[in-house]
Each structure stands twice: as C-alpha cells, then as structure tokens.
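Fold and contact review
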Amino acid sequence: MSWIWNPSGDVPRPPDSTEELVEDPTDPSRKVRRKAANQPFLAYREYRKKQEQEHQAWLLRKKEREEKLSRGEPVGPEERDPTAEEEVGLLGLLKFTVYVLLIIVLAGKFFTGSFLWEYDGKWVRLKTYLPENNGRLFSESYLATFDGRDENKPLYLAIDGDVYDVSSNRRTYGPGGPYRHMAGVDAARSFATGCFATHRTHDLRGLSEQQLQSVRHWKGFFADHKTYFKVGRVLHPPIDPESPIPEPCEPSKAHAQPTENDLKKGRRLVESKHSAPSHREHAEL
C-alpha cells in the first residue's frame, strides 16, 4: 500500500559502481541494470541482435551464390532466409483446425464423459449425410404403400410435401398407434387442426396464421428429429380452387378464427376421442 502514500514513487537510487550496466534496448544512449524487471527487454534485444546477425550472414551467402552463378560455377539450391517469418498456409490452417477440434473433443470426454458433449442429434448420424434418398419423388398412391401395414417396408409420413422416414417409431405411427392416421399420407392440415382422422389432407386453405405456424412448427420437429430422416417429396395434384374447404372439427367454429386456447382445447378433445397422446407428448416422441 506504499503507493497510496507515495504515488510519485521512490527516488531512483544511483547505480552501484560494481554493478554491470548494459545498453537500454529502447534508448542506446542510456545504460540500465540487469535487474529482473529488465530481463524480458534485454532478452528480446539479444534475440533481435542474433536475428540481425543471421540475416546479414544470409545476405552475404546469397551474394556469393549470385556471383558464382554469374561466373557459371555450379551452386546448390537457393537458401531460404532463416529469419523470415513463417506464413500460415492452407496446411497450417488445417492442422490448427484439427488441433482445436481434438482439444474440444477431449474436453467433452473429460467434463461430460462424452466426446460430443452429450449431443445425440441427427447431425452426428451417418444417415443424415447420405443424400441418395433425399430427392425421391412419391405419388400419393405410392406413398400410401408405406403406411406400416407391410412390415418389410419402411414407415413414411409427409407434411406439407416433405416425406420423412419414421420407421424408428412404429408404435406411434404404425398400425394401432395413436398417430396411425398420419402414416402413408400428407396430413399437413391435421397437424394444424388436431383433426387426425378427418383432416388427412395437404390442403391448407382457410387456416389461420396461428394454424399455419403450427404446421411450420411440426415441419421443424420432423426435420430436426434425431431419428427421423427426410427421404423425398410427394407430388400432389393441383387443388381445385372451387372445391370446398375441409370442414373444421367442430361445426360451431366454422366461421370463427380459432385462438391458441381454442386450438389446444380442440386438440385435447379430439385426442381424447382417439386415445392419442397430447401435443406435448407428441413432441417428446
């Protein structure tokens, strides 16, 4: 705490006549002591001095080589400047990236017991990066053959045109499961209305913005699921704009814009009739 009482510092003591003084790296006209505080600066000065000596020696060897070349004498390969700074090339950047990833992986194993920090999403599964099936096109009739009744075929469902393989959860989407109505068909409308038995259609006409947001939510649910995989798209025939819009689950709400609470109540009512799990339970499957 002496600096509080003496903020200007102590008066510098004169150098000891027996103490060795060296040149100040920042001011050649000054001499400084070899105390501990000066050692980093002195070491850097020695390093720079050595670098300069090596550079000058290299320049001399380079000049001698050029003179030999001018006289036609044989010379060895051109020597690189030993003091030149190394540039980080593509290989160096690649090595750095590998080292960083290795450190992250080992740290995950040390702190969490998992090399991937306990992440078990779809992005660490090989099947996610196999694109051969992502571009398949299904007709509605062909998609219907993947409804789970044939155990030798995978189980597919579609939402708003995107087809997903949900074979890992046959107890939910397969025959006898609570969401069996969604298998083998694009039932995008039912994801918004909760009418799993009657709204097995991709027709989204007449839905409110909240209901359309619900469809987008479920599309994200299947796209990001760790065991469901997109396998292609289903081609639907154009919807006749003159055709009637599917009726809502409850006729009393046909002319009302449903609120979020109405949608939740409607889902609970329909799900209880069909013994289906709740919206929250479905998200956990």
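Structure first, text after, so check above.
The text that follows walks through the structure, step by step, so that each part is easy to find. (Residues numbered from 1 in each chain as written. Predicted model: local features only at pLDDT ≥ 70, side-chain atom pairs only at ≥ 80, totals over all residues. Heavy atoms only, no water.)

1. What to know about the pairing of strand β4 (residues 156–159)
Residues Y156 and A158 point to one face of β4 and L157 and I159 to the other, with burial holding for every one of them. Of the pairings in the sheet, the one linking β4 to strand β5 (residues 162–165) comprises 4 bridges and is antiparallel in character. Residue L157 lies in a different strand from β5, and its bridge partner there is Y164. Adjacent in sequence and paired antiparallel, β4 and β5 are bridged by 2 residues, among which D160 carries a positive phi angle near 55°. (Buried < 20%, exposed > 50% of the residue type's maximum accessible area, 1.4 Å probe, protein only. Helix = DSSP H or I, 4+ residues; strand = E, 2+ residues; numbered from the N terminus. Pairing = 2+ DSSP bridges.)

2. Some details on the environment of G174
As for its position among the elements, G174 is in the loop between α5 (170–173) and α6 (188–193). With a relative accessible area of 0%, G174 lands in the buried category. For the pair G174 and D147, spaced 27 residues apart in sequence, the C-alpha to C-alpha distance is 6.9 Å. Those residues in contact with G174 that lie beyond four places of it in its chain are L155, N169 and R180. (Contact = heavy atoms within 4.5 Å.)

3. A word on the nonpolar core
The nonpolar side chains of soluble globular proteins are, as a tendency, buried together. By size, the foremost hydrophobic cluster in this structure holds 19 residues, and its most contacted members are I159, V166, Y173, M182 and F222. Those elements that place two or more of their residues in this core are β4, α6 and α7 (209–224). Broken down by element, this core gets its largest block of residues, 4 residues, from α7. Within the second largest apolar cluster, 8 residues are counted, among which are F138, L143, F146 and V163. (Core = buried A, V, L, I, M, F, W, Y, C linked by side-chain atoms within 4.5 Å.)

4. Some remarks on the pattern of salt bridges
Tallied over the entire structure, the rule returns 10 salt bridges. Close ionic contact of D203 with R205 constitutes a salt bridge, the shortest N to O distance being 2.9 Å. Of the residues examined, D203 reaches a relative accessible area of 6% and is grouped as buried. For R205, a relative accessible area of 22% puts it in the partly exposed group. One connected set of salt bridges, linked through shared partners, spans D160, D162, K219, K230 and R233. (Salt bridge = Lys/Arg side-chain N within 4 Å of Asp/Glu carboxyl O.)

5. Re the side chain of T193
Here T193 shows up in helix α6. A polar atom in the side chain of T193 sits 2.8 Å from the side chain of H199. Beyond its immediate stretch of four places on either side in the chain, T193 contacts H199, L207, Q211 and C249. (Polar contact = N/O pair within 3.5 Å; in protein donor to acceptor, adjacent residues only side chain to side chain.)

6. Focus: helix α2 (residues 39–71)
When the terminal C-alpha atoms of α2 are compared, their 48 Å separation across 33 residues agrees well with the 48 Å that a helix rising 1.5 Å per residue should span. By the burial criterion, the buried members of α2 are L42, Q51 and W58. In the segment just after α2, G72 is the residue with positive phi, at about 80°. (Expected span 1.5 Å × (residues − 1).)

7. Describing the sheet that holds strand β6 (residues 229–235)
Hydrogen bonding along the main chain pairs the strands of a sheet, whether they run parallel or antiparallel. In spatial order, the strands read β3-β6-β5-β4; together these 4 strands make up an open sheet with mixed pairing. Looking along the sheet, the strands with just one partner apiece sit at the ends: β3 (136–139) and β4. Adjacent strand axes in the sheet meet at a mean angle of 40°, parallel and antiparallel pairs treated alike. As judged from the 4 bridges shared by β5 and β6, these two strands associate in the antiparallel manner. In the strand pairing of β6, Y164 is matched with K230. Those strands touched by α7 are β4 and β5, and its axis lies near 145° from that of β4. (Axes fitted to C-alpha atoms, helices over the stretch in contact; angles between N-to-C directions.)

8. A closer look at unusual backbone geometry
As a rule of thumb, non-glycine residues mostly have phi less than zero, and peptide bonds are mostly trans rather than cis. A positive phi angle, near 60°, is found at W117, a position not held by glycine. Within the element layout of this structure, W117 appears in the loop between α3 (90–112) and β3. Using a relative accessible area of 41% as the deciding quantity, one classes W117 as partly exposed. Look at D160: it is not a glycine, yet its phi comes out positive at around 55°. According to the relative accessible area criterion, D160 is partly exposed, its value standing at 30%.

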